[in-house]
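Here are the chains, one letter per residue:
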Amino acid sequence: MIEAVHYITVVFREPLLIVLVALGTFTGVYVGAIPGLTGVMTVSLLVSFTISWSMNNALALMLGVFVGVVFGGSRSAILLNIPGAPSAIATGFDGYPLAQKGQAGKAMGIATTQSFIGSILGVIALAFGAPLMGKFAQSFRSIDYVLLAIIGLMTVGSLGSKTLKHGLIAGALGVFIGCMGIDPQTAVRRFTFGLTYLNSGVDFIVAMIGLFGAAEALFQLTQLHMGKVKQQVNRIIPSWRTTLKYLPLTIRSAVVGILVGALPGAGGDIAALLSYDQAKRYTRQPSAPFGQGALEGIIAPETANNAAVGGAFIPMLTLGIPGDAITAVLLSALSVHGLRPGPYMIRSAPDIFWLIVICLVLASFFLLLFGLSGIRLFSKIVETPKGILMPIILVLSVVGAFAIRNSLYDILWMFLFAIIGYFFKRYDYPVGPLVLGIILCPLLENNYRRGIMLTGSLPGLFFSIFSSMLSLLLFLLIIFLTVSQTKRYKKWREQ
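Residues numbered from 1 in each chain as written. Predicted model: local features only at pLDDT ≥ 70, side-chain atom pairs only at ≥ 80, totals over all residues. Heavy atoms only, no water.

Caption draft 1: The overall build of the protein, seen in detail. Along its length, the protein carries 23 helices and two strands. Counting only contacts in the protein whose residues sit at least 6 apart along the sequence, the fraction spanning at least 24 positions is 78%. Surface accessibility of the protein: about 21,100 Å² in total, with carbon and sulfur atoms responsible for 69%. (Helix = DSSP H or I, 4+ residues; strand = E, 2+ residues; numbered from the N terminus. Contact = heavy atoms within 4.5 Å. Areas by Shrake-Rupley, 256 points an atom, 1.4 Å probe, with all protein chains shown as cover.)

Structure (structure tokens):
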């Protein structure tokens, strides 16, 4: 601990590092709010931009961007129902209805404070539990990832759907879309319908922009007769009483975020969706029905996705395995500067480990500062007349879809998903499970195949569940989630 204090004080002796963290966080917050401009894209550009910098300066800037961009997606999710990042999908389920009620300031204030708390708890887990959590992540086998993906898909009944049937249909369609493209192992074209463009599959960010952003704009253009909603921004910082009231949910959501973030390949988007699901299942008296402006529906995902940031660094620093896409880019950045993370990194390069910890802490505080400072200005967006705002959203959706791969085909697919999302909304089908199915498809498919190759057969893969306590616990959780969807169980819970 004395050694840790020494390295932390070294950071504060270099004001430039603090300035770079602040600059990175500010950039991340506002980049994250723009659909199509992802954190992966931003950090990737910074790797080449900072290649001649010292490792400390480059890390400080990129870590700030990482923390800021995870939070930034909640802004557009709450105000426009366009998640700026996949990790903000769940935030829009209740954040956007709150904005429609004139409480966008309250929603963004809660999102900011919860992101701060989640980020701090994630960094604490990184600082004190990295070796232990690294071993836990290392114990996950292929079958465990398959079970985890199934658990994620089983949350479809809770992601904005009134019926399990509608959620399952949407989730299955998402998995189907996720399978489009060239098979990564056999190079066989799957569901491409002869279109060369589909060889690389459908980018889930294109789907997300179309399903949430452009679809909402199309739907709202049919509601032009409804007047604009005046936003209340008198009090944007939640009271201590409110924070303490939801502290148990905050802690549970942070634990989900840290654990899921520590699993290689999972990330904050899955953590946020799982956290939203557990909040919906176990909150007996929410502030409002979920999907209609429940504060719990903002608290859970915003805490979890930022807590997953600290969790994602655990496998990267202790095992050399990135926890999500951005940590994969950061891993390459460390390699460029001659450092290879792994089991011995904390002992061989403690200065870098504690630099990462303190930069994440600083970025969390800057997130709180920059997040709260722009709420009043952002709230004015919702008050813009729909006849002006919705065409602007459509233009931004087109720009965001094109910016991903500079492809006109992505714009066409964005509009196709917009039409799908419009009819989903009109006929009460949830779009969240569809995006979740696209995101989870690679995790499910790759680990299923890997498990089959390791065990030699499908029965062998199934029976391998009973050879590990972790696998058995995940399997029992799937059984519980199945039972919990039955009418008899719900009736028993209401008694």
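Caption draft 2: Representation of the packing of aromatic side chains within the structure. Applying the stated criterion to the full structure yields 14 aromatic pairs. A ring pair is formed by Phe 462 and Phe 463, whose centres lie 5.5 Å apart and whose planes are at 75°; its orientation type is edge-to-face. For the pair Phe 466 and Phe 475, a centre-to-centre distance of 5.9 Å together with 75° between the ring planes defines the contact as edge-to-face. Look at Phe 466 and you get partly exposed, because its relative accessible area is 45%. Three or more aromatic residues joined by ring pairs make a cluster, and in this case those are Phe 462, Phe 463, Phe 466 and Phe 475. (Phe/Tyr/Trp six-rings, centres within 6.5 Å; stacked < 30°, edge-to-face > 60°. Buried < 20%, exposed > 50% of the residue type's maximum accessible area, 1.4 Å probe, protein only.)

Caption draft 3: Structural detail: the pattern of salt bridges. Taken as a whole and assessed by the stated rule, the structure comprises four salt bridges. A salt bridge links Arg 190 to Glu 445; the shortest N-O distance between them is 2.4 Å. A residue pair is termed long-range when its members are at least 10 positions apart, and Arg 190 in strand E2 (residues 189-190) and Glu 445 in helix H20 (residues 432-455) qualify at 255 residues. Arg 449 serves as the salt-bridge partner of Glu 445, at 3.8 Å between the closest nitrogen and oxygen. Pair noted here: Glu 445 and Arg 449 are both in helix H20, with a separation of four residues, about one helical turn. You can call Glu 445 buried: its relative accessible area is 14%. Classification of Arg 449 by relative accessible area gives partly exposed; the value is 21%. Here the salt bridges do not stand alone but share partners, grouping Asp 183, Arg 190, Glu 445 and Arg 449 into one network. (Salt bridge = Lys/Arg side-chain N within 4 Å of Asp/Glu carboxyl O.)

Caption draft 4: Quick peek at the packing of helix H4 (residues 55-80) against helix H5 (residues 89-100). One way to put it is that H4 packs onto H5 with a least axis distance of 6 Å and a crossing angle of 50°. As the angle between them shows, H4 and H5 are arranged oblique. When the axes of H4 and H5 are compared, the crossing they make is right-handed. In this structure, H4 contributes Ser 74, Ala 77, Ile 78, Leu 79 and Leu 80 to the contact, and H5 contributes Thr 91, Gly 92, Gly 95, Tyr 96 and Ala 99. A breakdown of the residues in the contact of H4 with H5 according to their chemical character gives six nonpolar, four polar and no charged. (Axes fitted to C-alpha atoms, helices over the stretch in contact; angles between N-to-C directions. Parallel < 35°, antiparallel > 145°, perpendicular 65-115°, else oblique. Left-handed = near helix turned anticlockwise from the far one by under 90°. Nonpolar A, V, L, I, M, F, W, Y, C, P; charged D, E, K, R; others polar.)

Caption draft 5: View of the state of the cysteines. Applying the stated rule across the entire model yields zero disulfides. The thiol sulfur of Cys 441 is not disulfide-bonded, and the nearest other cysteine sulfur, from Cys 179, lies at 3.5 Å. In this structure Cys 441 comes out as buried when scored by relative accessible area, which is 3%. (Disulfide = S-S within 2.5 Å.)

Caption draft 6: Molecular detail of the nonpolar core. Residues Ile 89, Leu 211 and Phe 212 are the most contacted members of the largest nonpolar core, which totals 82 residues. When residues of this core are assigned to domains, at least three fall in each of domain 1 (2-455) and domain 2 (456-495). Each residue touching Ile 89, except ones within four places of it in the same chain, is listed here: Pro 83, Met 208, Phe 212, Leu 273, Val 435 and Ile 439. Listed in part, the 51 residues of the second largest apolar core include Val 29, Phe 116, Ala 333 and Ile 356. (Core = buried A, V, L, I, M, F, W, Y, C linked by side-chain atoms within 4.5 Å. Domains from an automatic or database assignment.)

Caption draft 7: Broad picture of the environment of Met 180. You can see Met 180 is positioned in the loop between helix H8 (164-178) and strand E1 (181-182). Accessibility expressed as a relative area gives 10% for Met 180, which makes it buried. Sequence separation between Met 180 and Ile 438 is 258 residues; the distance between their C-alpha atoms is 9.8 Å. Met 180 has contacts with Arg 190, Phe 191, Phe 193, Leu 198, Gly 201 and Val 202, leaving out every residue within four places of it along the chain.

Caption draft 8: Representation of the environment of Ser 142 in the model. Structurally, the position occupied by Ser 142 is in helix H7 (residues 142-154). Separated by 308 residues in sequence, Ser 142 and Arg 450 have C-alpha atoms that sit 6.4 Å apart. When sequence neighbours within four positions are dropped, the list of residues in contact with Ser 142 reads Asn 447, Arg 450, Gly 451 and Leu 454.

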